[in-house]
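Architecture at a glance
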Amino acid sequence: MTVKDLAMPGPESSLSGASSSSARARAKKFCEAYGLKIPILLAPMAGTCPVALSVAVANAGAMGAMGALLTPPEGIKPWADSFRRESNGSFQLNLWIPDPPPARDAEAEQKVRRFLAQWGPEVAPDAGDARPPDFMAQCVAVLAARPRAVSSIMGLFSPVFVATLKARGIAWFATVTTVSEAIRAEEAGADAIVAQGFEAGGHRGAFDQAAAERQGVGLFALVPRVADRLSVPVIAAGGVGDGRGIAAALTLGASAVAIGTAFLRCPEARINPAWAEALVELEPEDTVLTRAFSGRLGRSVNNAYVRAAAARGAPPPAPYPVQRGLTQALREDAQSTNDKDRLQAWAGQSAAMARVEPAGEIVRRIWGEANALLP
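Residues numbered from 1 in each chain as written. Predicted model: local features only at pLDDT ≥ 70, side-chain atom pairs only at ≥ 80, totals over all residues. Heavy atoms only, no water.

1. Some points on the sheet that holds strand E7 (residues 202-203)
If you trace the three strands from one edge of the open sheet to the other, you get E7-E11-E10, paired in antiparallel fashion. The strands lining the two open edges of the sheet, one partner per strand, are E7 and strand E10 (287-290). (Pairing = 2+ DSSP bridges. Helix = DSSP H or I, 4+ residues; strand = E, 2+ residues; numbered from the N terminus.)

2. Points about the side chain of Arg331
For Arg331, the location among the structural elements is in helix H13 (residues 328-336). Buried and unpaired, Arg331 has no salt bridge, with Glu332 as the nearest side chain of opposite charge at 6.4 Å. Leaving out residues up to four positions away in the same chain, Arg331 has contacts with Phe293, Arg324 and Gln344. (Buried < 20%, exposed > 50% of the residue type's maximum accessible area, 1.4 Å probe, protein only. Lys, Arg positive; Asp, Glu negative; His and termini not counted. Salt bridge = Lys/Arg side-chain N within 4 Å of Asp/Glu carboxyl O. Contact = heavy atoms within 4.5 Å.)

3. Let's talk about unusual backbone geometry
Omega for the peptide link from Tyr320 to Pro321 comes to 0°, which places this bond in the cis form. In this structure, Pro321 sits in the loop between helix H11 (304-310) and helix H12 (322-326). Notably, Met154 is not glycine yet its phi reads approximately 80°, a positive angle. Tracing the chain through its elements places Met154 in the loop between strand E4 (149-153) and helix H6 (159-167).

4. A look at a negative patch on the surface
A contiguous patch of negative charge on the surface is contributed by Glu281, Glu283, Glu285 and Asp286. Within the secondary structure, Glu285 sits in the loop between helix H10 (273-278) and E10. (Patch = residues over 30% accessible without salt bridge, like charges linked within 9 Å, V, L, I, M, F, W, Y side chains within 5 Å. Areas by Shrake-Rupley, 256 points an atom, 1.4 Å probe, with all protein chains shown as cover. Charge placed at Lys NZ, Arg CZ, Asp CG, Glu CD.)

5. A look at the sheet that holds strand E6 (residues 192-196)
Pairing is parallel across the open sheet formed by eight strands, whose spatial order is E1-E9-E8-E6-E5-E4-E3-E2. Every other strand in the sheet has two partners, leaving strand E1 (40-42) and strand E2 (64-67) as the edge strands with one partner each. Direction aside, neighbouring strands of the sheet carry axes that sit 25° apart on average. Pairing analysis gives three bridges linking E1 to strand E9 (residues 256-259), with the strands arranged parallel. Residue pairing in the sheet places Ile40 in a bridge with Val257 of E9. In the packing of helix H3 (residues 73-86) onto the sheet, the strands contacted are E2 and strand E3 (91-96), and the crossing angle to E3 comes to about 160°. (Axes fitted to C-alpha atoms, helices over the stretch in contact; angles between N-to-C directions.)

6. Some thoughts on the packing of aromatic side chains
This structure, assessed with the given rule, holds 13 aromatic pairs. On the numbers, 4.8 Å between centres and 45° between planes, the contact of Phe30 with Tyr34 is tilted. Remark: Tyr34 and Phe30 occur in helix H1 (residues 18-34); sequence separation between them is four residues, near one turn of the helix. The same class applies to Phe30 and to Tyr34, which are both buried. When the ring centre of Phe198 is taken as origin, the NZ or CZ atom of Arg299, which lies over that ring, is 5.5 Å away. (Phe/Tyr/Trp six-rings, centres within 6.5 Å; stacked < 30°, edge-to-face > 60°. Lys NZ or Arg CZ within 6 Å of the ring centre and 35° of its normal.)

7. Considerations on the environment of Ala190
Secondary-structure assignment places Ala190 in the loop between helix H7 (179-187) and E6. Leave out the neighbours within four places in its chain, and Ala190 touches Trp172, Ala174, Ala185 and Val232.

8. Thoughts on the pairing of strand E8 (residues 234-237)
Where burial is concerned, the two faces of E8 agree: the one with Val234 and Ala236 and the one with Ile235 and Ala237 are both buried. Pairing geometry for E6 and E8, over four bridges, is parallel. The residue of E8 that forms the bridge with Ala195 is Ala236. Bridge analysis of E8 against E9 gives three bridges, and the strand direction is parallel. Note on E9: the bridge partner recorded for Ile235 is Ala256. Each parallel crossover has a hand, and the one from E8 via helix H9 (residues 243-251) to E9 is right-handed. (Right-handed = clockwise from strand over helix to strand, strands pointing away.)

The following block contains the structure:
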């Protein structure tokens, strides 16, 4: 089933409600605007978006993605070129809006070092000095890569960059976690809003990182309110893992959905075996929001390290990106030893819906499920 089916409800299910009929119309319009057959977007998961995964998703009619946070500028266009050699589909590239340099506290960082030494290798003296790739250089590289869309998270692009995107025909999808953030994004020129519910795996997209815990809005409260307040399309993200979630999100006002965790067990994702195993039958309450890995709030599997980091007496994590640098040795060691008790294993609350199934088959299956549920 493809976008053509969006306008063709079965004869036994007349469109009796505005929400149902407009759900198909919104999704169809979104797909036509962005060269899609199915209103599903692969969530741009930094470090977990190999070309093969995006190609499989795009070739099934959905939108591929790469989270470019950890990608050096010189690696962005080659990723896009590799994608285009295998697919004529659409893809987005995602960039984090950088925070101002964090305040450093040597004494507090030393306490974190001592804590981390109980869980992994000794932390290098300069580990906390690590920085992500140069943001402005990434922006230039993204323009050269010419994606169908660029998405932002953790804030808003500058007016100059937004104008440059629009001049080159590149759409801007702005990730938000609250209604007020969504309004600011639309006013800044966003072409679509990615409404991220607190169910989502990985990092929270809050503009104000200090307020991320307090601004924990669920997806199905956030989507209809954003849709009611804004005129641009809404992309629902967080906790959607099957056709039921897609149909519900579209009915509530979304034009499309972004899905991440449900693709993690695909062979194309090639994640750590211990991470994939941790997702099997993982209940929603067995994920947790934590700053223990990066200093930024994110939802992960609630493993032994995460629980210890949240326990009484554990030192507060350093701010991002200092904490990410301090935990690098731990994360790499856990990765190399397939240690699920220490692994950075991001996971949304719908993780149990992830299957060992080719990504393209997942796209077709869950859209078939959703299409059957939409009147």
